[in-house]
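A structural walkthrough
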Amino acid sequence: MSKILIAGGGFAGLWAAMSAAATRHRQNAHDIGITLVSKDTHLCVRPRLYEGARPEMLVPLQPLLDAIDVTFEHSRIAAVSSTALRTETGVMMDHDRMILAMGSHVAMPPVPGGAEHGFVVDAYKETAHLDAHLSKLNTNIPGAPALIVVGASFSGLEIATSLRDRLGPDATIYLIDQQDVAGQSLGASLTQEIKSALDRANIQFIGGEILTQVTADQVVLRSGREIDAQATIFATGLRPSPLVKGMGRPASDGRLQLDRNLKVIGEIGMFGAGDIGIAAADDTHKTLMSCQHAMPMGVVAGQNAVLDLLGHDLRDFAQPDYATCLSLGMSNAVFTQGWDRTIAMKGTDGAAMKAQINEKWIYPPTPDVGRDAIFDAILPSQS
Ligand SMILES: Cc1cc2nc3c(=O)[nH]c(=O)nc-3n(C[C@H](O)[C@H](O)[C@H](O)COP(=O)(O)OP(=O)(O)OC[C@H]3O[C@@H](n4cnc5c(N)ncnc54)[C@H](O)[C@@H]3O)c2cc1C
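Counting restarts for each chain, with residues numbered from 1 along the sequence as it is written. Thresholds applied to this predicted model are a pLDDT of at least 70 for local features of residues and 80 or more for the giving and counting of side-chain atom pairs; totals over whole chains, interfaces and linings are not thresholded and use all residues.

This brings us to the overall build of the protein chain. Along the protein chain, the regular secondary structure elements total nine helices and 24 strands. Atoms counted for the radius of gyration: C-alpha only. Globule rule: 2.2 Å times residue count to the power 0.38. Here the protein chain has a C-alpha radius of gyration of 21 Å; the compact-globule value for 383 residues is 21 Å, and the two agree. We call a residue exposed when 12 or fewer other C-beta atoms sit within 10 Å of its C-beta, buried when the count reaches 20 or more, and partly exposed for counts in between; the C-beta positions come from the backbone. Taking all 383 residues of the protein chain together, 44% fall into the buried category. For every residue pair, C-beta atoms are placed from the backbone, and the pair is scored as a contact if these atoms sit within 7 Å. A separation threshold of at least 6 residues defines the contact pool for the protein chain, and within that pool the share at least 24 residues apart is 66%. By definition, any uninterrupted DSSP run of H or I lasting at least four residues is a helix, any uninterrupted run of E lasting at least two residues is a strand, and each is numbered from the N terminus.

Below, the structure is given as structure tokens:
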């Protein structure tokens, strides 16, 4: 029996499992065993966490994997190599093909006090920890210390505007970024919408600043400015799992470079998908650390792992279409299309689109629809 190991049960890993199982079924390759290893028993719908941690953001893995005959191994991975995977308890799992899909974590900048006193909206546990802290604060008394969000890109903007919705009109909220303009990295097409949304939500943007110190009740900025703070939340970008360090040929942001079939360049028998890897999305653009890339990368990596074992031609990965939907609080979101982020929808229409994406499109099929419907949803037969 040949073995495919999938390391990680997030968007890339789960979609890889469903796609590998569909390909195995369609190729009548019933002697291929597929195992998914994850430290978490659930898929965490990370893009929704800016709303606060809620149970519907956790999708149990076991029932879905049972429905498609994929073995679930609930373990924390300590190391991976081209021949084996080692769990934290020392169990070695060998494989014929492996799909790396251990995802990413929020990259905390090396600010003194940041790791001890800072919060992140990253996985469920960290978000629930922030929620518990927020629930103890009284933010609505005049002059109460502020809430600070560090990083005014996609996640920071969603977190800051959602805090306004969650904490009410009187909380003092600052959004701080080293760049001069809020959302600068998202491109000029969004600048005005973001500025208007921050003004409406009375969120004070401080640009061109970095934090030099964080304590339990204060942040200090490079200019020397001190701000009393009840919570400091870092939304300072994502870094790939440290488990891929030392492997393959990493890009400047630490992600492993993947070829057009999503094989890890420089490793044997290994595919990559999601935030741990970077691949060409089209002739000029690379994949981003996002669900909209993690899911289709998982589909192609899962399919190719099976085809590779069978000695068949592999499928090329391509994702030329690109869209974003940025929540800006108060029933407002901006939906953009294309790599230049042309605004296609905003306001309540944008918010309806965001709800559709967050509550439907990024969820896997439910196990009760049955194996064949799961396979057709993930890998339509004609593709
Ligand atoms: C706050 C926030 C907002 C976001 N908003 C958006 C958005 O609006 N749109 C969008 O497209 N993307 C968004 N993203 C990014 C998106 O969530 C990620 O790109 C996506 O989750 C990547 O999928 P993945 O499978 O690569 O990694 P993950 O979903 O992170 O999954 C990684 C998996 O690996 C497992 N794992 C990790 N380490 C180990 C280990 N040592 N042992 C065993 N298992 C391990 C984890 O348990 C998990 O199952 C957001 C992310 C965050 C944090």
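Moving on, we get to the sheet that holds strand β2 (residues 32–38). Any two strands with at least two DSSP bridges between them are considered paired. Taken together, five strands build an open sheet; the order of strands is β5-β2-β1-β9-β20 and the sheet is parallel. Looking at strand neighbours, the two that pair on one side only are β5 (71–74) and β20 (270–272), the edges of this open sheet. Averaged over all neighbouring strand pairs, the angle between strand axes comes to 20°, with direction disregarded. As paired elements, β2 and β5 share four bridges and run parallel to each other. Following the sheet pairing, S38 is matched in β5 by H74. Note on geometry: axes are lines fitted to C-alpha atoms, helical ones only across the stretch in contact, with angles between N-to-C directions running from 0 to 180 degrees. Contacting β1 (2–7), β2 and β9 (97–100), helix α1 (residues 11–26) runs over the sheet at an angle of about 170° to β2. Packed onto the sheet, helix α7 (residues 291–309) meets β1, β2, β9 and β20 and runs at close to 170° relative to β9.

When you tally the buried positions in strand β23 (residues 333–337), you get four out of five residues, the bulk of the element. Linking strand β22 (residues 323–327) to β23, which pair antiparallel, is a turn of five residues; within it G329 sits at a positive phi near 75°.

Throughout this description, the term nonpolar core refers to a group of buried Ala, Val, Leu, Ile, Met, Phe, Trp, Tyr and Cys residues whose C-beta atoms join them within 7 Å. Of all hydrophobic cores here, the largest spans 111 residues; its most connected members are I6, A7, A17, I99, L100, L175 and I233. Both domains that meet at this core, namely domain 1 (2–106 + 238–320 + 365–378) and domain 2 (114–234), each give it at least three residues. Residues within four places of L175 in sequence aside, it is in contact with V149, A152, G156, A160, A182, L198, I203 and F205. Here the limits of each domain have been adopted from an automatic or database domain assignment.

Summarising burial for β2: five of the seven residues are buried, a large majority. Of the pairings in the sheet, the one linking β1 to β2 comprises six bridges and is parallel in character. Within the sheet, the bridge partner assigned to L5 lies in β2 and is T35. Taken together, β1, α1 and β2 form a β-α-β motif whose crossover is right-handed. By convention a crossover is right-handed if, when the strands point away from the viewer, the path from the first strand over the helix to the second runs clockwise.

Moving on to helix α6 (residues 191–200). Within α6 the residues assigned to the buried category are E193, I194, A197 and L198. Down the axis of α6, the buried side of the element spans an arc of 130°, and every buried residue falls inside it. α6 presents Q192 and D199 as exposed residues on the side facing more than 90 degrees away from its buried surface. On its buried face, α6 is in contact with α5 (154–167), β13 (173–176), β14 (203–206), β23 and β24 (342–345). Of all possible arcs, the one meant is that of the directions from the helix axis to the C-beta atoms.

This part is about the domain arrangement of the protein chain. Reports often express the size of an interface as the amount of accessible area lost when the parts come together. The assigned domain composition of the protein chain is domain 1 (2–106 + 238–320 + 365–378) and domain 2 (114–234). Centre-to-centre, using C-alpha coordinates, domain 1 lies 33 Å away from domain 2. The interface of domain 1 with domain 2 comprises 11 residues on the first partner and 14 residues on the second. Under the convention adopted here, Pro, Cys and the residues Ala, Val, Leu, Ile, Met, Phe, Trp and Tyr are nonpolar, Asp, Glu, Lys and Arg are charged, and Gly plus all remaining residues are polar. Looking at the side of domain 1 that touches domain 2 residue by residue, the classes come out as seven nonpolar, two polar and two charged.

On to the site of the ligand, then. Around the ligand, the structure places 32 residues, and the nearest of them are G8, G10, G103, G274 and S290. Only α1, β2 and α7 provide two or more residues apiece to the shell around the ligand. Its residues assigned to classes, the shell around the ligand comprises 14 nonpolar, 12 polar and six charged. Among the domains, domain 1 (2–106 + 238–320 + 365–378) and domain 2 (114–234) are the pair contributing at least three residues each to the shell around the ligand. We count a residue as near a molecule or strand when its backbone-placed C-beta atom lies within 6 Å of that partner.

Spatially, three strands are ordered β6-β7-β8 in an open sheet, and the strand pairing comes out antiparallel. With partners counted over all chains shown, the strands left at the sheet margins are β6 (77–80) and β8 (92–94), one partner each. Strand-to-strand twist of the sheet, defined as the mean angle between neighbouring strand axes without regard to direction, takes the value 25°.

What follows deals with the environment of H25. Among the secondary structure elements, H25 is positioned in helix α1. Using a count of 17 C-beta atoms within 10 Å as the deciding quantity, one classes H25 as partly exposed. For H25 and D283, which are 258 residues apart along the polypeptide, the C-alpha to C-alpha distance reads 32 Å.

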